[in-house]
Amino acid sequence: MKLDVNALRYLSKDDFRVLTAVEMGMRNHEIVPAELVDRIAGLKHGGTYKVLRNLLKNKLVHHDATKYDGYRLTYLGYDFLAIKTLVNRGVFASVGRQIGVGKESDIFEVATEDGTVLAMKLHRLGRTSFRAVKSKRDYLAHRRSFNWLYLSRLAALKEFAFMKALGDHGFPVPTAVDCNRHCVIMSLVQGYPLVQVKELQNPDDVFDTILGLVVRLAEHGLIHCDFNEFNIMIDDDEKVTMIDFPQMVSVKHRNAQMFFDRDIECIYKFFRKRFHLSSEKCEEQDGSDIDDDENSRPSFLSVQKAAGSLDKELAASGFTRKEQVEMDKYIDQNAEEESSDDDSTSEQDNEDGDDVAVKIGSLKIAEQDSAEVPDCTLASKYSNEPETFAKENETSTSCSGENNSINPSPSSNGDAKEPTESQDNDDSDDDSSDDPDGEDDDALAKQLNKQRKRAIAAAHGRRRPISSRNAYKYKGKGTMNSKIERQACKW
């Protein structure tokens, strides 16, 4: 939105009071209700609604009535609040022409009361040309929801902090004067962007100076991340000044090497294309020139860290020492939790194994006692078959007992052939009865193994012990399915 400060001189105190009320309401609301604006402003006799109509006419606020009657600030209204605050501080007294425009900001000339010309940078995030702010910038940090005005304010604060610190350490940057909301006031650089320069008297010296700035920033723990011909100013004496700092990151960032190599590649590519430097540094990476070019080009791994750590002082984006300690603690806690989970699951596995061992041991004892007790009782005791099968086994055992009572004992006066024949018949019956019992034991062992696997899977959380989808679902006594089931049970 174009900045027109003509309406600024006609705004009253009540207008700025209502604008401030809308700004305060936008901390918790995307669209601030009109009743809340009236309550925060505190104007008498319903003067808030009259002021809102005036602000809406000057496009300082936007009215939205889709869900409820509410208002939100526009960038022009946010500009007026920042300019009014800086004027009241005495930072500048007048606003001049626009001298620059970018995908994230607009730059204007401002003048103080004594005639000193300064530069005013207004951050305007959210333009259609650059809306991927959340993925390409780290202004939000851990926050999920965001507002474009709030993001612009964060960008301005970061740029002012970086500019102030770099200036104190002797870097060629503009002098930071003041900051309010999304507005940054700095000294005006007497020069031109490098992209507009067609010829240089000493391109080799300028090239070395620019590369030295990149390496020097890395030595102090910072990487520019947007170091190209658009963000480098050069004056008539070929003095270099770098600008645009909100996106700077720490050398401990996980992508620090990639950002460093990208900045170096941008400088090499521009000077090779624009000024046709014939030095080995800017030759094409073809054939035998590859080794020379790699040896002459600055490397991120060869940068030696200086004593001052600006990334730690400014809390630049990246893994600083404090964040690294917190990350290590978090990793250790996760490792301890995983180890405790593994111990609990192993204990459960051992318990399940003990249960299975006890059951299998009982099976073996039962098999040893099968010579004295008939096998049908064992099947009825450990099998999961219906009661009818157990009853049949009981009848069979009773029948076998009667047969044994009928057969005479060997001490009787009868012939010796009869007991031998009966013993042979009993042995054949036992052999024939061993086969189904062995099958039942195998089925029982398989079933126990399945139950053990299900219990282990449930303990690990990979599978829930749920019933099959085809299992019968009880829907009550009055349904047809329940009647059919009761009739089947009677049969």
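See the structure above.
From a predicted model like this one, the values you see are computed outputs, not experimental measurements. (Residues numbered from 1 in each chain as written. Predicted model: local features only at pLDDT ≥ 70, side-chain atom pairs only at ≥ 80, totals over all residues. Heavy atoms only, no water.)

**Let's talk about the side chain of Lys121**
Okay, step 1: One can find Lys121 in strand E6 (residues 117-123).
Okay, step 2: At a separation of 2.9 Å, a polar atom in the side chain of Lys121 contacts the side chain of Glu159.
Okay, step 3: The residues contacting Lys121, other than those within four sequence positions of it, are Ser105, Asp106, Ile107, Glu159, His182, Cys183, Val184, Met186 and Asp244. (Helix = DSSP H or I, 4+ residues; strand = E, 2+ residues; numbered from the N terminus. Polar contact = N/O pair within 3.5 Å; in protein donor to acceptor, adjacent residues only side chain to side chain. Contact = heavy atoms within 4.5 Å.)

**A closer look at the environment of Asn202**
Okay, step 1: Within the secondary structure layout, Asn202 lies in the loop between strand E9 (192-193) and helix H7 (203-219).
Okay, step 2: Using a relative accessible area of 38% as the deciding quantity, one classes Asn202 as partly exposed.
Okay, step 3: Taking the C-alpha atoms as reference, Asn202 lies 8.2 Å from Glu238; in sequence the two are 36 residues apart. (Buried < 20%, exposed > 50% of the residue type's maximum accessible area, 1.4 Å probe, protein only.)

**So, the pattern of salt bridges**
Okay, step 1: Within the structure shown, the criterion is met by nine salt bridges.
Okay, step 2: Between Glu23 and Arg181 there is a salt bridge whose closest N-O contact spans 3.0 Å. Of this pair, Glu23 sits in helix H1 (residues 13-25) while Arg181 sits in the loop between strand E7 (176-180) and strand E8 (183-187); the two residues are 158 residues apart in sequence, bridging distant segments of the chain.
Okay, step 3: The closest approach of N and O atoms between Arg124 and Asp79, which form a salt bridge, is 2.5 Å. (Salt bridge = Lys/Arg side-chain N within 4 Å of Asp/Glu carboxyl O.)

**Quick notes on the pairing of strand E5 (residues 105-111)**
Okay, step 1: Here E5 lies mainly inside the structure; five of its seven residues are buried.
Okay, step 2: As defined by bridge partners, strand E4 (residues 94-101) adjoins E5 across five bridges and the pair is classed as antiparallel. Within E5, the residue paired with Gln98 across the bridge is Phe108.
Okay, step 3: Hairpin remark: E5 followed by E6, antiparallel, with five residues in the connecting loop; positive phi at Gly115, about 95°. (Pairing = 2+ DSSP bridges.)

**What about the sheet that holds strand E1 (residues 32-33)?**
Okay, step 1: In space, the three strands of this open sheet follow the order E1-E3-E2, with antiparallel pairing throughout. Both edges of this open sheet fall to E1 and strand E2 (61-64), since each of them pairs with a single strand only.
Okay, step 2: Direction of pairing for E2 relative to strand E3 (residues 70-73): antiparallel, over a ladder of four bridges. Its bridge partner being in E3, Val61 is matched across the sheet by Leu73.

**Re the pairing of E7**
Okay, step 1: Counting buried positions along E7 gives four out of five residues, so the element sits mostly inside the fold.
Okay, step 2: Where E7 lies against E8, four bridges are found, and the strand directions are antiparallel. Note on E8: the bridge partner recorded for Asn180 is Cys183.

**Considering H7**
Okay, step 1: Under the 1.5 Å per step criterion, the end-to-end length of H7 is 24 Å for 17 residues, consistent within 8% with the ideal 24 Å.
Okay, step 2: Considering only its buried residues, H7 is in contact with helix H6 (148-168), strand E10 (222-223), strand E11 (232-234), strand E12 (240-242) and helix H8 (256-274).
Okay, step 3: Directly after H7, the chain includes Gly221, whose backbone phi takes a positive value near 95°. (Expected span 1.5 Å × (residues − 1).)

**As for empty space enclosed by the protein**
Okay, step 1: Scanning all chains against the criterion turns up two cavities of 30 Å³ or more.
Okay, step 2: Put simply, the second largest cavity is a space of about 40 Å³.
Okay, step 3: Lining the second largest cavity we find Val214, Leu217, Ala218, Leu222, Ile223, His224, Phe227, Phe260 and Asp263.
Okay, step 4: Among the elements of the structure, H7, E10 and H8 are those that each provide at least two residues to the lining of the second largest cavity.
Okay, step 5: When residues of the lining of the second largest cavity are assigned to their parent elements, the largest contribution, three residues, is made by H7.
Okay, step 6: Taken together, the residues of the lining of the second largest cavity break down into seven nonpolar, one polar and one charged. (1 Å grid on protein atoms, 1.4 Å probe; cavity = no way out; pocket = protein on both sides within 12 Å on 5 of 7 lines; lining within 4 Å. Points joined across faces, edges and corners; volume = space filled by probe spheres on them. Nonpolar A, V, L, I, M, F, W, Y, C, P; charged D, E, K, R; others polar.)

**Digging into the packing of helix H2 (residues 34-41) against helix H3 (residues 47-57)**
Okay, step 1: It is the contact of H2 with H3, at a shortest axis distance of 9 Å, that shows an interaxial angle of 110°. Our classification of the angle between H2 and H3 gives roughly perpendicular. For H2 against H3, the interelement crossing comes out right-handed. On the side of H2, the interface is formed by Ala34, Glu35, Val37, Asp38 and Ala41, while H3 contributes Thr48, Tyr49 and Leu52. (Axes fitted to C-alpha atoms, helices over the stretch in contact; angles between N-to-C directions. Parallel < 35°, antiparallel > 145°, perpendicular 65-115°, else oblique. Left-handed = near helix turned anticlockwise from the far one by under 90°.)

**A few points about unusual backbone geometry**
Okay, step 1: The phi torsion at His45 lies on the positive side, around 60°, for a residue other than glycine.
Okay, step 2: With relative accessibility at 81%, the residue His45 sits in the exposed group.
Okay, step 3: Unlike most non-glycine residues, Arg181 shows phi in positive territory, near 55°.

**Observations concerning the packing of aromatic side chains**
Okay, step 1: Per the stated rule, a full pass over the model turns up six aromatic pairs.
Okay, step 2: Between Phe207 and Phe271 the ring centres are 5.1 Å apart and the planes differ by 65°, which places this aromatic pair in the edge-to-face class. Placement of Phe207 in helix H7 and of Phe271 in helix H8 is noted, with a sequence separation of 64 residues between them. In this structure, Phe207 and Phe271 share a single accessibility class: buried.
Okay, step 3: Here the aromatic rings of Phe260 and Phe300 are separated by 5.7 Å at their centres, their planes lie at 55°, and the arrangement is tilted. Of this pair, Phe260 sits in helix H8 while Phe300 is found in the loop between helix H9 (289-296) and helix H10 (310-314), placing the two residues 40 residues apart along the sequence. The exposure classification of Phe260 matches that of Phe300, with both residues buried. (Phe/Tyr/Trp six-rings, centres within 6.5 Å; stacked < 30°, edge-to-face > 60°.)

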